[in-house]
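# A closer look at the structure
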Amino acid sequence: MGKTLVIIPAYNEEGNIESTLVALQNTCPEVDYVVINDASTDNTENVLKQRNANYISLPLNLGIGGGVQTGYLYAVEKGYDIAIQMDGDGQHLPEYIKNMVDVITKDQADVVIGSRFINREGFQSSASRRLGIKTLSSIAKLLCGCRVKDITSGYRAVNKKYIKIFSEEYAQDYPEPEALVQASLLGARIMEIPVIMKERISGNSSITIAKSVYYMIKVSLALLLQKISWNGRM
């Protein structure tokens, strides 16, 4: 296993972050981690302090994209070979980290996605969100041939090349589909592996019904503009 970092973005996760870290350290004590506390307004930072956790607190809320990019910048600075994104809300189970790392270590892929929709076990999200995910997956496939069923999954691993790329340029706001299209256009080998995800236990998702509609429109347009921009470089 190469030198591996788990990047955990967290915004107002006081009820989840401790159990997330306990599960990670109990399951994968050999990997390092950094929590990116995205200017939480609750008790998240105090929980991290009390655990003596490795974390970075951002002075302003940058959103998921800015938080994850901060993690990639940290990974570059510290010389990591593999970086794994894992949510701070406890939905991503750390027992799949080894499988993801193995794919990267064996040079079978540059980007590995933990997918709910291969074996269809565990928490599958709501029907409306599944429809949205399927739509975005179809758009990405049409635009660049990127074939990923769980295109919004935030559970993913990348090799050293894409740590550097994502540290320099990473989509903001709702970045997961855009980051995969970016990687695909750059020629990345993308692989999905089956995982089981849990429903969050504490707190609320930041994505409401209204935001879901905005998400679909915004990301669809962003994927199209990304493709047009890429064609302009050719």
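Scroll up a little and you will see the structure.
Residues numbered from 1 in each chain as written. Predicted model: local features only at pLDDT ≥ 70, side-chain atom pairs only at ≥ 80, totals over all residues. Heavy atoms only, no water.

This paragraph deals with the pattern of salt bridges. Taken as a whole and assessed by the stated rule, the structure comprises 7 salt bridges. Of the charged contacts, one joins K98 and D102 as a salt bridge, the two residues approaching to 3.0 Å between their closest N and O atoms. Of the two residues, K98 and D102 are both situated in helix α4 (residues 97–105); the distance of 4 residues between them amounts to about one turn of the helix. Of the residues examined, K98 reaches a relative accessible area of 48% and is grouped as partly exposed. Given the relative accessible area of 25%, D102 is considered partly exposed. In this structure, K164 and E168 form a salt bridge, with 2.2 Å as the shortest nitrogen-oxygen distance. Within this pair, K164 and its partner E168 are both found in helix α6 (residues 160–168), separated by 4 residues, close to a single helical turn. (Salt bridge = Lys/Arg side-chain N within 4 Å of Asp/Glu carboxyl O. Helix = DSSP H or I, 4+ residues; strand = E, 2+ residues; numbered from the N terminus. Buried < 20%, exposed > 50% of the residue type's maximum accessible area, 1.4 Å probe, protein only.)

What the 7 strands build is an open sheet, ordered β3-β2-β1-β4-β6-β5-β7; its pairing is mixed. The sheet terminates laterally at β3 (55–57) and β7 (190–194), the two strands that pair on one side only. Adjacent strand axes in the sheet meet at a mean angle of 20° when their direction is disregarded. With 5 bridges joining them, strand β5 (residues 111–115) and β7 adopt parallel strand pairing. (Pairing = 2+ DSSP bridges. Axes fitted to C-alpha atoms, helices over the stretch in contact; angles between N-to-C directions.)

Next up on the list: the nonpolar core. As a rule of thumb, soluble globular proteins bury nonpolar side chains together. Y72, V111, V158, Y162 and F166 are the most contacted members of the largest nonpolar core, which totals 32 residues. Considering each element in turn, this core owes the most residues, 5 residues, to helix α7 (residues 176–185). Ignoring anything within four residues of it in the chain, the contact list for V111 reads I104, A157, V158, Y162, L180, A183, A188, R189, I190 and M191. (Core = buried A, V, L, I, M, F, W, Y, C linked by side-chain atoms within 4.5 Å. Contact = heavy atoms within 4.5 Å.)

This part is about the environment of G145. If you trace the backbone, G145 turns up in the loop between α5 (127–144) and β6 (156–158). Separated by 40 residues in the primary sequence, G145 and L185 place their C-alpha atoms 8.9 Å from one another.

Attention now moves to the side chain of T4. Note on placement: T4 falls in strand β1 (residues 4–10). Excluding its chain neighbours within four sequence positions, the residues that come into contact with T4 are V31, D32, Y80, I82, I84 and V101.

Counted according to the given criterion, the structure contains 4 aromatic pairs. Taking the centre distance of 5.8 Å and the plane angle of 50° together, the rings of Y72 and Y170 count as tilted. One end of the pair, Y72, is in helix α3 (residues 63–78); the other, Y170, is in the loop between α6 and α7, and 98 residues separate them in sequence. Relative accessible area serves as the criterion here: at 5%, Y170 is assigned to the buried category. Between F166 and Y170, the aromatic rings sit 5.2 Å apart at their centres with planes inclined by 80°, giving edge-to-face as the arrangement. Residue F166 is classed as buried on the basis of its relative accessible area, which comes to 3%. Among the aromatic residues, those joined into a ring-pair cluster are Y72, Y162, F166 and Y170. One cation-aromatic arrangement involves K3 over Y80; the distance from NZ or CZ to the ring centre is 4.7 Å. (Phe/Tyr/Trp six-rings, centres within 6.5 Å; stacked < 30°, edge-to-face > 60°. Lys NZ or Arg CZ within 6 Å of the ring centre and 35° of its normal.)

Those residues of helix α1 (residues 17–27) that sit buried are I17, T20, L21 and L24. Down the axis of α1, the smallest arc covering the buried residues is 95°, so these residues share one side. In this fold, the buried residues of α1 make contact with β1, β2 (32–37), α2 (44–50) and α4. (Arc of directions from axis to C-beta.)

A separate point is the environment of T20. Relative to the elements of secondary structure, T20 occurs in helix α1. Of the residues examined, T20 reaches a relative accessible area of 5% and is grouped as buried. In the structure, T20 is positioned 73 residues away from L93 in sequence and 8.5 Å away in space, judged by C-alpha atoms. Apart from the residues lying within four places of it in its own chain, the contact partners of T20 are M86, D87, G88, D89 and G90.

Glancing now at the side chain of D38. One can find D38 in the loop between β2 and α2. With a relative accessible area of 5%, D38 lands in the buried category.

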